[in-house]
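What follows is each chain in one-letter form.
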Number of protein chains: 2
Amino acid sequence: MTANGWRAVLRERLGERVSVLPGDLQAHARDEGTPYTCIPGAVVFAQSEADVLATLAVARDHRVPVTPWGAGTSLEGAALPLPGAISLDLSGLDTVGEVDPLGFTVTVGPGVRRVALNRRLRSHGLFFPVDPGADASLGGMAATHASGTTTVRYGGMRENVLSLRVALLDGRVLSLGSAARKSSSGYALKHLFLGSEGTLGVITALTLRLHPLPPATASVQLAFPDVASAVLASVTARGLGVTPERLEFVDAATVRAVNRHRDRHDPEAPTLWAEVAGRDAADVDTQLALLREAAALHGGVTVGEARTPEAQGALWAARHGVYDALRAAWPGHATRIGDVCVPLPALASTVALAQRLLAKHGLTAPLVGHIGDGNLHLLMHAPPDDTETWARIERVLHELATQAIAAGGTCTGEHGVGLRKRPYLRAEHGAALDVMRDVKALFDPLNLLNPGKVVGDPLSLPDWSQDVPTRT
Amino acid sequence: MTANGWRAVLRERLGERVSVLPGDLQAHARDEGTPYTCIPGAVVFAQSEADVLATLAVARDHRVPVTPWGAGTSLEGAALPLPGAISLDLSGLDTVGEVDPLGFTVTVGPGVRRVALNRRLRSHGLFFPVDPGADASLGGMAATHASGTTTVRYGGMRENVLSLRVALLDGRVLSLGSAARKSSSGYALKHLFLGSEGTLGVITALTLRLHPLPPATASVQLAFPDVASAVLASVTARGLGVTPERLEFVDAATVRAVNRHRDRHDPEAPTLWAEVAGRDAADVDTQLALLREAAALHGGVTVGEARTPEAQGALWAARHGVYDALRAAWPGHATRIGDVCVPLPALASTVALAQRLLAKHGLTAPLVGHIGDGNLHLLMHAPPDDTETWARIERVLHELATQAIAAGGTCTGEHGVGLRKRPYLRAEHGAALDVMRDVKALFDPLNLLNPGKVVGDPLSLPDWSQDVPTRT
């Protein structure tokens, strides 16, 4: 059957929800972080689980690869369709169920976005804590196992997705996990799907674990003589009984860049921001005092404190201003964010390594980190067509990922594997990569579900003719 | 090859670490909760991962089923060997690695026991929080996905096992997960093994996430007019910013039984015990005040409070005395503990159902619950040979498990599946059970790893001739 053939069948079964308009195809051809353009052959704007199943049936019957699409905020290419194949847009599965005020849960469609969900939850005094920065879809966050700034306190998607509905390529729909808070019943298939990036099945609904909005919050900004001291201060604070909501780090060069951009005069030193939450003002005051004490023990000084929402916004502006400062300092540059995570004892040396690599390759890049988790980002940037600089950038990110794995960490803390972290999976997982590939073959024997991603051959970009077996 | 044949080969390769002494065989024939005696054909006392691999090789070459054994504290039969086959005792893999004081981690052998580990961690100011009650082995706790009283605050094994080493039947050893706190790298195979009860591979090492010992703790005992009020009070407390370390419930009949046994005069009402932890005495006092306030809002009254370790021990004695009271009231009785978990909104009705079922079948049984998690235990008891009473007990537990699943919960909150929860997996997981069986076949195509458990045919007790295919 020709390409038009499967499109005609899709159209027959899904009507106007199938688009081949150039604008729609283009809108699903790029993500926010990967310099590839992969124009799908059709976009299905699914409105229901039945639409997802109908799309998978056509994909199966006509051997057409299908890649789920949430909000397109992916950074490593997870959501890029195979050229000419199906982009399955789930943004129309945007139902938000009743909030359960006793169990602190809600069931949502995979297309629901984080910011809108939290706006809705506010009136219930609850929130969904996982915050990757981008206004991502919940389905995409689950599929890439996103986490973010609040992981130190609340965990990532793994800890906050209670159950999933998943459509398999063979037409079965699985309910995985439950709204019960505990279970030791059977194999944890739910966890296989968290981080599987649409390669095993398509998430059609998620039940989320919510948390009470804290009665009071406050923030502090602390400057340190070096990175190791900042890490030690965060460990001391934990020992004193303080677990911040967020615990963020930037290096001295980045503070310098933000100072210049914002006309600020913050000490140009390794800097921590901590947000603490508590029962009342006294509770958060005590926690701030303990954080100051922990910092002082390791040579840290307080740059500022804030208790009102407005003052906290201003205090965090320097941390949140990193991206703006980058854009202002280097207008027109494209960015690529390095994302590694290492065990805490290796964090200071990994930051030092990143700084040495930048210097060695003649590059500058803001360095920010979720320091409580050992998760480090390098915000690389260059003019989009400056291939020579991009080659040096790739070199730095390659050495950083390699060293993170050697230090017992991971090549991707929270951005997923997509296309560009595939070359590191063998070093990181060893023989387990073969088992992952067996699992992929078990769920997707025809290799039609987002083929080539995550466990695919790292040496080639997936393409329909090449990656999808023609066997019937 | 005859049975003596594979034993001779085992003996050849593992020497004195293989035992066929009747005492050793008997010591591995029973667990703590299941009324079956399954005498193995040999016990391997493994001292190293190499011993595990050697055992698996013999099992593979001679088609002998092998069942890992930790401390034998299993309640549902997970650790029972197949009659005549191999019990692989891992208690000799008891190494405790260096404690990482920055990352709060430690790597241990699967045979290390919980109480000994925490004794060792104390001098570091750290502890491993998962507390199933029994002094279980860490490998067994991971394999059954144990949790317990502290799950409400720290999560269960899933949240506190950072990485696993796993020996597969084919001789490969996988390293799953890492000491990094975040990763979105590949499929979460580690989570498949948590709760797999030795049916997919054998855990040979675990890296655990540790937590700082809280600087201060205190406890409160609260009595409520009914179960629903106790649940609501726990939810209100969460909203006020209090997350207890433990939050335990017993019903009125149980308080009455303990009063009688211990000559206490506690109010014979649905009762909560909460332990809170904080930075200092003032912090825990505030939390106790908020718990009292939350209780009062729902008709609860304070029975007692305690701040010193001794006073807390006395306060909790009534909760911890449940088992003793049971044994004293019904000497010589055998016990069977029902273990279901439901979403919090269904907890009060599930407790009521349990009480109705007991009354209907003319039984009494202490009812205790990890109320913050919706996890409920019924401590059923009868003389071991009173088959008529045991039939009624099975009826109650069957209806309770069935109703827990119907309420969106699970047939086993924390005791695993083993042999006796197998009949409920279809109702709980639907088509996902078939996928679990496919996963089992992927890891264990010869069905030699603890065959019949978890996803095995619920209608038969596994036995070597019947469950293990003879194909080569």
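Residue numbering note: each chain is counted from 1, following its sequence as written. Throughout, the order in which chains and ligands are written sets their labels, letters from A for the former and numbers from 1 for the latter. Confidence filtering applies because this is a predicted model: local features only for residues at pLDDT of at least 70, side-chain atom pairs given and counted only at 80 or more, and all residues used for totals across whole chains, interfaces and linings.

K.L.:
Got a sec to walk through the overall build of chain A? Specific residues and values, please.
P.N.:
For helices the rule is a DSSP run of H or I covering at least 4 residues; for strands it is a run of E covering at least 2, with both sets numbered from the N terminus onward. Of regular secondary structure, chain A possesses 18 helices and 17 strands. Radius of gyration: over C-alpha atoms. The globule rule applied is 2.2 Å multiplied by the number of residues raised to the 0.38 power. What you see for chain A is a C-alpha radius of gyration of 23 Å, in line with the 23 Å of a compact globule of 472 residues. Expressed along its principal axes, the backbone C-alpha trace of chain A runs to roughly 70 × 55 × 40 Å. The contact criterion used here is simple: two residues whose C-beta atoms, placed from the backbone, lie within 7 Å are in contact. Considering only intrachain contacts with a sequence separation of at least 6, the fraction spanning at least 24 residues in chain A is 71%.

K.L.:
How would you sum up the sheet that holds strand S9 (residues 202–209) of chain A? Please name residues and give values.
P.N.:
Residue and element names in this part refer to chain A. Read from one edge of the open sheet, four strands run S5-S9-S7-S8, paired in antiparallel fashion. In this open sheet, the two edge strands, each paired with only one partner strand, are strand S5 (105–108) and strand S8 (173–177). For this sheet, the mean angle separating the axes of adjacent strands, direction not counted, is 15°. As judged from the four bridges shared by S5 and S9, these two strands associate in the antiparallel manner. Counted as the bridge partner of threonine 107 is threonine 207 from S9. We call two strands paired when DSSP finds no fewer than two bridges between them. Each axis is a line fitted through C-alpha atoms, taken for helices only over the stretch in contact, and angles between the N-to-C directions span 0 to 180 degrees.

K.L.:
So what about the pairing of strand S7 (residues 161–167) of chain B? Which residues, and what values?
P.N.:
The two faces of the sheet receive side chains in turn, since in a regular strand these alternate between them. Residues and elements named next belong to chain B. With C-beta atoms placed from the backbone, a residue is buried if 20 or more other C-beta atoms are within 10 Å of its own, exposed if 12 or fewer are, and partly exposed between those counts. Buried residues dominate S7, accounting for seven of its seven residues. For S7 and strand S9 (residues 202–209), the ladder comprises six bridges, and the chain directions are antiparallel. Looking across to S9, one finds that valine 166 is bridged to isoleucine 203. Taking the residues between adjacent antiparallel strands as the criterion, S7 and strand S8 (residues 173–177) are bridged by five residues, where glycine 171 takes a positive phi near 95°.

K.L.:
Could you give an account of the interface of chain B and chain A, naming the residues involved and the relevant values?
P.N.:
Buried accessible area, meaning the area lost when the parts come together, often serves as the stated size of an interface. In this complex, chain B contributes 76 residues to the contact, which on the side of chain A involves 76 residues. Looking at the side of chain B that touches chain A, the elements that each hand over two or more residues are S8, helix H8 (189–193), helix H9 (227–239), helix H11 (281–297), helix H16 (425–429) and helix H17 (432–443) of chain B. It is H17(B) that contributes the most residues to the side of chain B that touches chain A, six residues altogether. Split into classes, the residues belonging to the side of chain B that touches chain A amount to 33 nonpolar, 31 polar and 12 charged. For this scheme, ten residues count as nonpolar: Ala, Val, Leu, Ile, Met, Phe, Trp, Tyr, Cys and Pro. Four count as charged, namely Asp, Glu, Lys and Arg, and the remainder, Gly too, count as polar.

K.L.:
Break down unusual backbone geometry for me, with residues and values.
P.N.:
Backbone geometry follows two general trends: most residues other than glycine have a negative phi, and most peptide bonds adopt the trans configuration. In this model, A:Val454 sits at a positive phi of 60°, which is unusual for a non-glycine residue. On the secondary structure map, A:Val454 appears in the loop between helix H17 (432–443) and helix H18 (464–467).

K.L.:
Hey, could you go over the sheet that holds S9(B) for me, with residue numbers and the actual values?
P.N.:
Residues and elements named next belong to chain B. Strand order across the open sheet formed by four strands is S5-S9-S7-S8, with antiparallel pairing between neighbours. Whereas interior strands pair on both sides, the edge strands pair on one side only; in this sheet they are strand S5 (105–108) and S8. The average angle at which neighbouring strand axes cross in this sheet is 15°, direction not considered.

K.L.:
Explain the domain arrangement of chain A to me, and be specific about the residues and the numbers.
P.N.:
Residues and elements named next belong to chain A. Here chain A is described as being made up of domain 1 (3–89), domain 2 (105–212), domain 3 (216–323), domain 4 (330–415) and domain 5 (424–462). Where each domain begins and ends follows an automated or database-derived domain assignment. Centre-to-centre separation of domain 3 and domain 4, based on C-alpha positions: 22 Å. If you look at the interface, domain 3 gives 16 residues, while domain 4 gives 15 residues. When contributions to the side of domain 3 that touches domain 4 are tallied by element, the ones reaching two or more residues are helix H9 (227–239), strand S12 (246–250) and helix H10 (252–262).

K.L.:
Quick one: what's the story with the relation of the copies chain B and chain A, residue by residue and with numbers?
P.N.:
When the copies are overlaid, the least-squares fit takes in C-alpha atoms only where the residue has pLDDT of at least 70 in both copies. Superposition record for chain B on chain A: RMSD 0.0 Å, screw rotation 180°, translation along axis 0.0 Å. Given the turn and translation reported, the copies of this chain are related as if by a two-fold rotation axis. Scanning chain B for the C-alpha nearest the rotation axis identifies B:His191, at a separation of 3.1 Å. The share of interface residues of chain B whose copies in chain A are also at the interface is 100%, consistent with both copies meeting through the same surface.

K.L.:
Can you tell me about H17(A), naming the residues and giving the values?
P.N.:
Because each turn of an α-helix spans 3.6 residues, side chains separated by three or four positions end up pointing in the same direction. Residue and element names in this part refer to chain A. An ideal rise of 1.5 Å per residue puts 16 Å on 12 residues; H17 measures up with 17 Å between its terminal C-alpha atoms. Of all the residues in H17, the buried ones are Ala432, Val435, Met436, Val439, Lys440 and Phe443. Buried positions in H17, seen along its axis, are confined to an arc of 150° and lie on one side of it. Between the first and last residue of a helix there are one fewer steps than residues, each counted as 1.5 Å, and that sum is the expected span. In this description, the arc belongs to the directions extending from the helix axis to the C-beta atoms.

K.L.:
Give a detailed account of H10(A), specifying residues and quantitative values.
P.N.:
Residue and element names in this part refer to chain A. Looking only at H10, the buried set comprises Thr254, Val255, Ala257 and Val258. Burial along H10 is one-sided: seen end-on, the buried residues are contained in an arc of 160°. Looking at the packing, one finds that the buried side of H10 touches S12, strand S13 (271–278), helix H12 (309–320), helix H13 (322–329) and strand S16 (367–370). The first or second residue beyond H10 is aspartate 263, which carries a positive phi of 55°.

K.L.:
I'd love a proper account of the pairing of strand S7 (residues 161–167) of chain A, names of residues and values included.
P.N.:
Two elements, S7(A) and S8(A), share five bridges in a ladder whose sense is antiparallel. Within S8(A), the position partnered with A:Arg165 by the bridge is A:Ser175.

K.L.:
Describe the environment of A:Ala142, listing the residues and the values that go with them.
P.N.:
All names here are of chain A. Tracing the chain through its elements places alanine 142 in helix H5 (residues 138–143). In this structure the C-alpha to C-alpha distance between alanine 142 and alanine 406, which are 264 residues apart in sequence, comes to 27 Å. Setting aside residues up to four positions removed in sequence, alanine 142 forms contacts with Met157, Val161, Leu164, Leu194, Ile203 and Leu206.

K.L.:
Give me the packing of helix H14 (residues 347–360) of chain A against helix H15 (residues 387–406) of chain A: which residues, what numbers.
P.N.:
Residues and elements named next belong to chain A. Where H14 meets H15, the closest approach of the two axes is 10 Å, and the angle between their N-to-C directions is 160°. Accordingly, the angle class assigned to the pair H14 and H15 is roughly antiparallel. As for how H14 packs across H15, the hand of that crossing is right-handed. Contact residues: H14 offers Thr350, Leu353, Ala354, Leu357 and Leu358, while H15 offers Val396, Glu399, Leu400, Gln403 and Ala404. Its residues assigned to classes, the contact of H14 with H15 shows seven nonpolar, two polar and one charged. The labels follow the angle: roughly parallel below 35 degrees, roughly antiparallel above 145, roughly perpendicular from 65 to 115, and oblique for the rest. Each crossing gets its hand from how the near helix is turned against the far one by less than a right angle, where anticlockwise is left-handed and clockwise is right-handed.

K.L.:
For the packing of H9(B) against helix H14 (residues 347–360) of chain B, give the residues involved together with the corresponding values.
P.N.:
Residues and elements named next belong to chain B. For the pair H9 and H14, interaxial distance at closest approach is 8 Å and the crossing angle is 150°. With respect to H14, the axis of H9 lies roughly antiparallel. For the pair H9 and H14, the crossing hand works out as right-handed. Note on element contacts: H14 touches H9 through Leu347, Ala348, Val351 and Ala352, opposite Val227, Ala228 and Val231. Counted by class, the contact of H9 with H14 contains seven nonpolar, no polar and no charged residues.

K.L.:
I'd like to hear about the environment of B:Ala306, residue by residue, with values.
P.N.:
All names here are of chain B. With respect to the secondary-structure elements, alanine 306 resides in strand S14 (residues 301–306). Owing to 20 C-beta atoms within 10 Å, alanine 306 belongs among the buried residues under this scheme. In this structure, the C-alpha to C-alpha distance between alanine 306 and proline 40, residues 266 residues apart in sequence, is 48 Å. Beyond its immediate sequence surroundings of up to four residues, alanine 306 is in contact with Ala218, Ser219, Ala311, Gln312, Ala314 and Leu315.

K.L.:
Residue-level account of the environment of A:Thr236, with values.
P.N.:
All names here are of chain A. Assignment of secondary structure puts threonine 236 in helix H9. Classification of threonine 236 by C-beta neighbours within 10 Å gives partly exposed; the count is 18. Each C-alpha atom of the pair threonine 236 and valine 303 lies 19 Å from the other, and the pair is 67 residues apart in sequence.

K.L.:
A description of the confidence of the model for chain A should follow, citing residues and the corresponding values.
P.N.:
Here chain A averages 94 in pLDDT, while 97% of its residues score no lower than 70. In the predicted assembly, ipTM is 0.95 and pTM is 0.96. The pLDDT score gives, residue by residue, the confidence of the prediction method on a 0 to 100 scale.

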